[in-house]
Amino acid sequence: QVQLVESGGGLVQSGGSLRLSCAASGRTFSTYAMGWFRQAPGKEREFVGAISQSGSVIYYADSVKGRFTISRDNIKNTVYLQMNSLKPEDTAIYYCAARYGSSSRDLSYNYWGQGTQVTVSS
C-alpha cells in the first residue's frame, strides 16, 4: 500500500511560482518512479513530468519544459514540483503518482494522490 498526499496548490498570478509537494507513506519510496499529472476542467488528464527512482532521469511535457522542475528526496519520502513562470493555461488539479520500476509518460501508474488545485490568474 502506498498513500500519496499532494500539497502546495493555491491561487497565483500569471508569472508567479508555486512549489507542490507529494508526501508518500511507507518505507519503500525509492522503489517507485514518480510522476506529476494535471487535469483542467473539461479536459483529460495529461502528463506533466516524471522522475526516476534515484532522480537521475527526468521527463517533462513540452508545455512545461524550462519552467517546471521535478525533484525528490528519498529520505523524506517526498517528490516536488517547482513551478515557475506560471501561465493561466497551467490551471488544473495536479496529481502525483507512483509507479513500480521505471518512469513513464503515460497514465500507467500504480498509485495516485487526491490532487491539489492550482489556479493561475491573468
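Procedures and definitions
- Residues numbered from 1 in each chain as written.
- Predicted model: local features only at pLDDT ≥ 70, side-chain atom pairs only at ≥ 80, totals over all residues.
- Heavy atoms only, no water.
- Helix = DSSP H or I, 4+ residues; strand = E, 2+ residues; numbered from the N terminus.
- Buried < 20%, exposed > 50% of the residue type's maximum accessible area, 1.4 Å probe, protein only.
- Contact = heavy atoms within 4.5 Å.
- Pairing = 2+ DSSP bridges.
- Phe/Tyr/Trp six-rings, centres within 6.5 Å; stacked < 30°, edge-to-face > 60°.
- Lys NZ or Arg CZ within 6 Å of the ring centre and 35° of its normal.

K.L.:
Quick question: what am I supposed to make of the environment of Leu 11 here?
P.N.:
Position of Leu 11 among the secondary structure elements: in strand 2 (residues 10–13). Exposure remark for Leu 11: the relative accessible area of 65% places this residue in the exposed category. Measuring from C-alpha to C-alpha, the distance between Leu 11 and Ser 121 comes to 7.3 Å, with 110 residues separating the pair along the chain. Those residues in contact with Leu 11, other than ones at most four positions away along the chain, are Thr 119 and Ser 121.

K.L.:
It is not clear to me how the pairing of strand 5 (residues 46–51) should be interpreted in this structure. Could you clarify?
P.N.:
On any regular strand, side chains alternate: one points to one face of the sheet, the next to the other face. Among the six residues of strand 5, five are classified as buried, and the element is accordingly described as predominantly covered. Across five bridges, the pairing between strand 4 (residues 32–39) and strand 5 is antiparallel. Looking at strand 5, one finds that Phe 37 is bridged to Phe 47. From the end of strand 4 to the start of strand 5, which pair antiparallel, there are six residues, and Gly 42 there has a positive phi angle of about 75°. As judged from the three bridges shared by strand 5 and strand 6 (residues 58–60), these two strands associate in the antiparallel manner. Bridge pairing in strand 6 places Gly 49 opposite Tyr 60. As consecutive antiparallel partners, strand 5 and strand 6 are separated by six residues, and within that stretch Gly 55 has a phi angle of approximately 85°, a positive value.

K.L.:
Looking at this structure, how should I read the packing of aromatic side chains?
P.N.:
Two numbers describe a pair of aromatic rings. These are the distance of the centres and the angle of the planes. Evaluated as defined, the whole model comprises seven aromatic pairs. Their ring planes at 75° and their centres at 5.8 Å tell us that Phe 37 and Phe 47 sit as a pair that is edge-to-face. Placement of the pair is Phe 37 in strand 4 and Phe 47 in strand 5, with a sequence separation of 10 residues. With a relative accessible area of 0%, Phe 37 lands in the buried category. With a centroid separation of 6.1 Å and an interplanar angle of 65°, the aromatic rings of Tyr 109 and Trp 112 are classed as edge-to-face. Taking relative accessible area as the criterion, Tyr 109 reaches 7% and is therefore assigned buried. Take Trp 112: its relative accessible area is 27%, and that puts it in the partly exposed class. Taking the ring centre of Trp 112 as reference, the NZ or CZ of Arg 45 above it sits at 4.1 Å.

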